[in-house]
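# Summary of structural features
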Amino acid sequence: MVLSAQLVSLLETKWMFKKLSALSAILLLSGCANNAILELQKLDSKNIENRSIQIIDDGRTKDSIKHIIAGKLDEYGFQYQIVDVTQSNSNASNNPKLTYSANWWWDMASYMRYLNIEIKDNNQIIALVKIDTVKCGGFDKFGSARRRTEITLDLLLSELNKEEANKLICLGGQPNKASDPM
């Protein structure tokens, strides 16, 4: 009798260990503490009187990001001009300047790791957002670069709050985790 009780206890312990291991793995992969937004300074639209912005094209980031940014500025009623980085200082415009960078990494598939967007007016930062999708945890770093860029701009330019933006970014940009190879 004592031997069978010990055997049952041992089996129960092994079963609990398996449950605990599985739960730990799920929590680790799910990124339960997702916080993709590293820095945020939302744009106060009062800081841009004529709603005109220069988009500075650094020539290194994929062109698709520049086009997404231009589309979002259109959506929010901003006028914009795309200027090559080599021309950005020689241009006589006093309009605020938007700079951006995005980096793609590879881990089983290509994904947008970082996205940084900054708006300066007279060399003063008036808006800033930086995201790192690896902070989402597990497989949530993969997702639509297009959608994540749109969400990041919505966060910067509108009333979208940081918590909701984090959720959307860490769900791959969309609640259904749709993937965009961009």
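Bear in mind that the values here come from a model prediction, so they are computed numbers and not experimental data.

Okay, the environment of Lys72 next. Relative to the assigned elements, Lys72 resides in helix α2 (residues 63-75). A C-alpha to C-alpha distance of 9.4 Å links Lys72 and Thr149, two positions 77 residues apart in sequence. Lys72 has contacts with Glu150, Leu153 and Asp154, leaving out every residue within four places of it along the chain.

What follows concerns the packing of helix α3 (residues 145-157) against helix α4 (residues 162-170). When two helices pack together, their arrangement is given by the angle between the helix axes and by the axis-to-axis distance. The geometry of α3 relative to α4 is characterised by a closest axis approach of 10 Å and an angle of 175° between their N-to-C directions. As the angle between them shows, α3 and α4 are arranged roughly antiparallel. Contacts from Arg148, Ile151, Thr152 and Leu155 of α3 reach α4 at Lys162, Ala165, Leu168, Ile169 and Cys170. For the contact of α3 with α4, the class distribution of residues is six nonpolar, one polar and two charged.

The interhelical angle for the contact between α2 and α3, taken along N-to-C directions, is 40°, at an axis separation of 10 Å. Taken together, α2 and α3 sit at an angle that is classed as oblique. Helix-helix and strand crossings are classified by hand; for α2 and α3 the assignment is right-handed. Contacts between α2 and α3 involve Ile65, Ile68, Ile69, Lys72, Leu73 and Glu75 from the former and Arg146, Thr149, Glu150, Leu153, Asp154 and Leu157 from the latter. Looking at the contact of α2 with α3, its residues break down into six nonpolar, one polar and five charged.

Cut-offs and rules
Residues numbered from 1 in each chain as written. Predicted model: local features only at pLDDT ≥ 70, side-chain atom pairs only at ≥ 80, totals over all residues. Heavy atoms only, no water. Helix = DSSP H or I, 4+ residues; strand = E, 2+ residues; numbered from the N terminus. Contact = heavy atoms within 4.5 Å. Axes fitted to C-alpha atoms, helices over the stretch in contact; angles between N-to-C directions. Parallel < 35°, antiparallel > 145°, perpendicular 65-115°, else oblique. Nonpolar A, V, L, I, M, F, W, Y, C, P; charged D, E, K, R; others polar. Left-handed = near helix turned anticlockwise from the far one by under 90°.

Coordinates in, geometry out; function isn't part of it.
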